[in-house]
Amino acid sequence: MAYKILNKCPVCNGKLYITRLECSKCNTVIENKFESSTKFEYLTNEQLNFVGAFLKNRGNIKDVEKELGISYPTVRAKLDDVLTALGYNVSAPTSNVDKKKVIDMLDKGEITPDEAIKMLNE
């Protein structure tokens, strides 16, 4: 039985490396310090599920909201979380939040009061 490769140390949360490879046919063993060949190995299952939904919906945030049953700010936060996990630098948007738009979203039930406060404080 094969298991998914662990990518973080369960003790200190540090990055884990693959140190042993073994051929299933001839049992040749190669030992060294190997990194995963894909950045996606370092994503959690929750992050991978989000990426799947995001790609399936071709990046359309409204469709991702509907599929996952989450609000716009939550989609953005999950996207930022994935980008950070992949090693990309995520910077806060430089434009000011449109307060009227936030209030309208809150009135329509598209976001929670906590999400509205968070958006207005950013």
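To be clear, the structure that these remarks concern was listed above.
Criteria and cut-off values
Residues numbered from 1 in each chain as written. Predicted model: local features only at pLDDT ≥ 70, side-chain atom pairs only at ≥ 80, totals over all residues. Heavy atoms only, no water. Pairing = 2+ DSSP bridges. Helix = DSSP H or I, 4+ residues; strand = E, 2+ residues; numbered from the N terminus. Buried < 20%, exposed > 50% of the residue type's maximum accessible area, 1.4 Å probe, protein only. Polar contact = N/O pair within 3.5 Å; in protein donor to acceptor, adjacent residues only side chain to side chain. Contact = heavy atoms within 4.5 Å. Salt bridge = Lys/Arg side-chain N within 4 Å of Asp/Glu carboxyl O. Core = buried A, V, L, I, M, F, W, Y, C linked by side-chain atoms within 4.5 Å. Arc of directions from axis to C-beta. Axes fitted to C-alpha atoms, helices over the stretch in contact; angles between N-to-C directions. Parallel < 35°, antiparallel > 145°, perpendicular 65-115°, else oblique. Nonpolar A, V, L, I, M, F, W, Y, C, P; charged D, E, K, R; others polar.

**Some words on the pairing of strand β1 (residues 18-22)**
Every regular strand shows the same layout, with side chains that alternate between the two sheet faces.
Part 1 of the reasoning: Inspection of the sheet shows β1 paired to strand β2 (residues 29-34) by four bridges, in the antiparallel sense. Each residue of the ladder has a partner; that of Glu 22, found in β2, is Val 29.
Part 2 of the reasoning: Remark: six residues form the turn of the hairpin made by β1 and β2, two consecutive strands paired antiparallel; Asn 27 in that turn has positive phi of roughly 65°.

**Brief notes about the side chain of Gln 47**
Part 1 of the reasoning: Looking at the secondary structure, you find Gln 47 in helix α1 (residues 45-56).
Part 2 of the reasoning: For Gln 47, a relative accessible area of 9% puts it in the buried group.
Part 3 of the reasoning: In this structure the side chain of Gln 47 is engaged in a polar contact, spanning 2.8 Å, whose partner is the backbone nitrogen of Thr 44.
Part 4 of the reasoning: Setting aside its immediate chain neighbours within four residues, Gln 47 contacts Tyr 42, Asp 81, Val 82 and Ala 85.

**Brief notes about the pattern of salt bridges**
If the charged atoms of two oppositely charged side chains come close together, the side chains can form a pair.
Part 1 of the reasoning: All chains considered together, the criterion is met by five salt bridges.
Part 2 of the reasoning: Among the ionic pairs, Arg 20 bridges to Glu 31, the shortest N-O distance being 3.2 Å. Of this pair, Arg 20 sits in strand β1 while Glu 31 sits in strand β2, and the two are 11 residues apart along the sequence.
Part 3 of the reasoning: For Arg 20, a relative accessible area of 45% puts it in the partly exposed group.

**Looking at the nonpolar core**
Part 1 of the reasoning: The biggest cluster of nonpolar side chains holds 11 residues, and these are Leu 43, Phe 50, Val 51, Phe 54, Ile 61, Val 64, Ile 70, Val 75, Leu 79, Val 82 and Leu 86.
Part 2 of the reasoning: Listed by contribution, the elements that provide at least two residues to this core are α1, α2 (61-68) and α3 (72-85).
Part 3 of the reasoning: If sequence neighbours within four positions are ignored, Leu 43 has contacts with Lys 4, Asn 7, Leu 48, Val 51, Val 82, Ala 85 and Leu 86.
Part 4 of the reasoning: Counting residues in hydrophobic clusters, the runner-up holds five residues, among them Val 102, Met 105, Ile 111 and Met 119.

**A word on the environment of Thr 84**
Part 1 of the reasoning: Following the sequence through the fold, Thr 84 ends up in helix α3.
Part 2 of the reasoning: Measuring from C-alpha to C-alpha, the distance between Thr 84 and Leu 43 comes to 10.0 Å, with 41 residues separating the pair along the chain.

**Remarks on α2**
Part 1 of the reasoning: For α2, the complete set of buried residues consists of Ile 61, Val 64 and Glu 65. Angularly, the buried residues of α2 cover 105° about the axis, an arc narrow enough to put them on a single face.
Part 2 of the reasoning: Buried residues along α2 sit against α1 and α3.
Part 3 of the reasoning: Its side-chain oxygen placed 3.0 Å from the backbone nitrogen of Lys 62, Asn 60 serves as the N-cap of α2.
Part 4 of the reasoning: Backbone geometry just after α2 places Gly 69 at a positive phi near 65°.

**Side note on the packing of α2 against α3**
Part 1 of the reasoning: As a packed pair, α2 and α3 sit with axes 9 Å apart at the nearest point and diverge in direction by 100°. Relative to α3, the element α2 lies roughly perpendicular. Counting all contacts with α2, which are made through Ile 61, Val 64 and Glu 65, the residues of α3 involved are Tyr 72, Val 75 and Arg 76.
Part 2 of the reasoning: Class assignment for the residues of the contact of α2 with α3 results in four nonpolar, no polar and two charged.

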